[in-house]
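Spelled out from the first residue to the last, the chains are:
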Amino acid sequence: MESFIHANFWEMILRTTLSFFILLILARILGKKQLGQLTFFHYITGITFGSIASEIASQEETPFLDGVISLVWWSALTYLMTIITIKSKKARVLIDDKPTIVVQNGLILESALRKNRLHMDELTMMLREQAIFSVQDIQYALLETNGKLSVLQKTSEQVATKQDVKADVSPPTYLPTEVVSDGQLIKENIVELELTEDWVMKKLKKQNVHSVEDVFFAQVQTNGSLYISLKDKARHSSP
């Protein structure tokens, strides 16, 4: 019994060591894209590599040679798909998709958010990570194929240099805050800003918006103005 356990121990050590170096070699062959440009395809490919390698290393029932063949073949398929996507733009779009514009000239493209299953909380969080708190300051925002957001701010909002004119450095009156989301008032945010629902409705009416249900997103700006992005149906029906 003791010799059996001893034999299994050394077999497991050997399988794990060989799996480690095989995985290392295959990772080097496939290049840096697995880590540097993690699209969804590369993400699941990386997970599968790890799963197959762990099966080879830890599952005694899995024949070692079969596991290695599976790992090498999966690597070959991944490498083949990488070559195809380099050669063919259509294949690249099919496998990795393409960047999607989600904000254009300060307007949120609701249909693009729905297509990418992205909600406003995620979008505003991704903008804040880039130190952008106001949607209306954006010329273009693109959701990249790796899930990251690339933003081009309007020229007037881009970072000024020391050679530029002196800018107003007085602190903002408000922190840009969402007060309407998908046709619903966010009452806790309104209270936190020490505003009222009547104030929001008056701001909406000043921009010829008579129903909060027509608003997809509304945000109080630093100067106390209200940025509004209408729902698609309301935008198309407006004169």
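What counts, and at which threshold
Each chain has its residues counted from 1, following the order in which its sequence is written. Where local features are concerned, this predicted model is filtered to residues with pLDDT of at least 70; where side-chain atom pairs are given and counted, the filter is 80 or more; whole-chain, interface and lining totals use all residues. Neither water nor hydrogens contribute to the side-chain values; these are computed over all heavy atoms in the structure. The way it works is that DSSP assigns letters per residue, a run of H or I at least four long becomes a helix, a run of E at least two long becomes a strand, and they are numbered from the N terminus. To sort residues, take the accessible area from a 1.4 Å probe on protein chains only and compare it with the maximum for the residue type: under 20% means buried, over 50% means exposed, and anything in between is partly exposed. Any pair of residues with heavy atoms lying within 4.5 Å of one another is described as a contacting pair. Shrake-Rupley sampling with a 1.4 Å probe provides the accessible areas, and residues are treated as covered by the protein chains on show and by no other component. Think of it this way: DSSP has to see at least two bridges between two strands before they count as a pair. A fitted line through C-alpha atoms serves as each axis, taken over the contacting stretch for helices, and the angle formed by two N-to-C directions is quoted from 0 to 180°. Within the patch definition used here, like charges are joined within 9 Å and nonpolar side chains (Val, Leu, Ile, Met, Phe, Trp, Tyr) within 5 Å, considering only residues with over 30% relative accessible area and no salt bridge. Between Lys or Arg on one side and Asp or Glu on the other, a salt bridge is scored when a side-chain nitrogen of the former is within 4 Å of a carboxyl oxygen of the latter. UniProt positions are given in the numbering used here, feature names are shortened, and annotations may be inferred rather than shown by experiment. Under the counting rule used here, the positive set is Lys and Arg, the negative set is Asp and Glu, and His together with the chain ends is not counted. Two N or O atoms form a polar contact when they lie within 3.5 Å of each other; inside protein one atom must be a possible hydrogen donor and the other a possible acceptor, and for residues adjacent in sequence the pair counts only when both atoms belong to side chains.

Peer 1: So, the overall build of the protein: which residues are in play, and what are the values?
Peer 2: Assigned secondary structure in the protein consists of 10 helices and eight strands. Among the 239 residues that make up the protein, the fraction classed as buried is 32%. In the protein, 54% of the contacts between residues at least 6 apart in sequence involve partners at least 24 apart. When the accessible area of the protein is evaluated, it comes to approximately 16100 Å², of which 60% is carbon and sulfur surface.

Peer 1: Account for the sheet that holds strand β7 (residues 215–220), naming residues and giving values.
Peer 2: Strand pairing in a sheet is mediated by backbone hydrogen bonds. Such pairs are either parallel or antiparallel. Across the sheet, four strands lie side by side as β6-β5-β7-β8; this open sheet has antiparallel pairing. For this open sheet the edge positions go to β6 (184–185) and β8 (226–230), each flanked by a neighbour on one side alone. Here five bridges tie β7 to β8, and the two strands are oriented antiparallel to one another. Within β8, the position partnered with glutamine 219 by the bridge is tyrosine 227. Of the strands in this sheet, β5 (177–181), β6, β7 and β8 touch helix α9 (residues 197–206), which is tilted by about 65° from β8.

Peer 1: Could you give an account of a nonpolar patch on the surface, naming the residues involved and the relevant values?
Peer 2: Judged by side-chain polarity, Trp73, Leu77, Leu80 and Ile84 come together as a nonpolar surface patch covering roughly 380 Å² of accessible area. Mapped onto the elements of the fold, isoleucine 84 is located in helix α4 (residues 64–87).

Peer 1: Report on unusual backbone geometry, specifying residues and quantitative values.
Peer 2: With glycine set apart, most residues show a phi of negative sign, and most peptide bonds adopt trans. Its identity is not glycine, yet asparagine 105 carries a phi of approximately 50°, on the positive side. On the secondary structure map, asparagine 105 appears in the loop between β1 (100–104) and β2 (107–108). Look at alanine 131: it is not a glycine, yet its phi comes out positive at around 65°. Structurally, alanine 131 can be placed in the loop between α7 (120–128) and β3 (138–143).

Peer 1: Quick one: what's the story with the UniProt feature "transmembrane region" (unreviewed entry) in the protein, residue by residue and with numbers?
Peer 2: What UniProt calls "transmembrane region" (unreviewed entry) maps, in this numbering, to residues 12–31, 38–58 and 64–86. Taken end to end, residues 64–86 is 100% helix and 0% strand, and its first and last C-alpha atoms sit 33 Å apart.

Peer 1: Summarise the side chain of glutamate 178; cite the residues concerned and give the values.
Peer 2: Mapped onto the secondary structure, glutamate 178 falls in strand β5. Buried within the structure, glutamate 178 lacks any salt-bridge partner; its nearest side chain of opposite charge belongs to arginine 128, at an N-O separation of 6.6 Å. Side chain to side chain, glutamate 178 and serine 181 meet in a polar contact 3.2 Å long. If we skip the residues at most four places from it in the chain, glutamate 178 touches Met120, Asp121, Ile186, Asn189, Phe217, Ala218 and Gln219.

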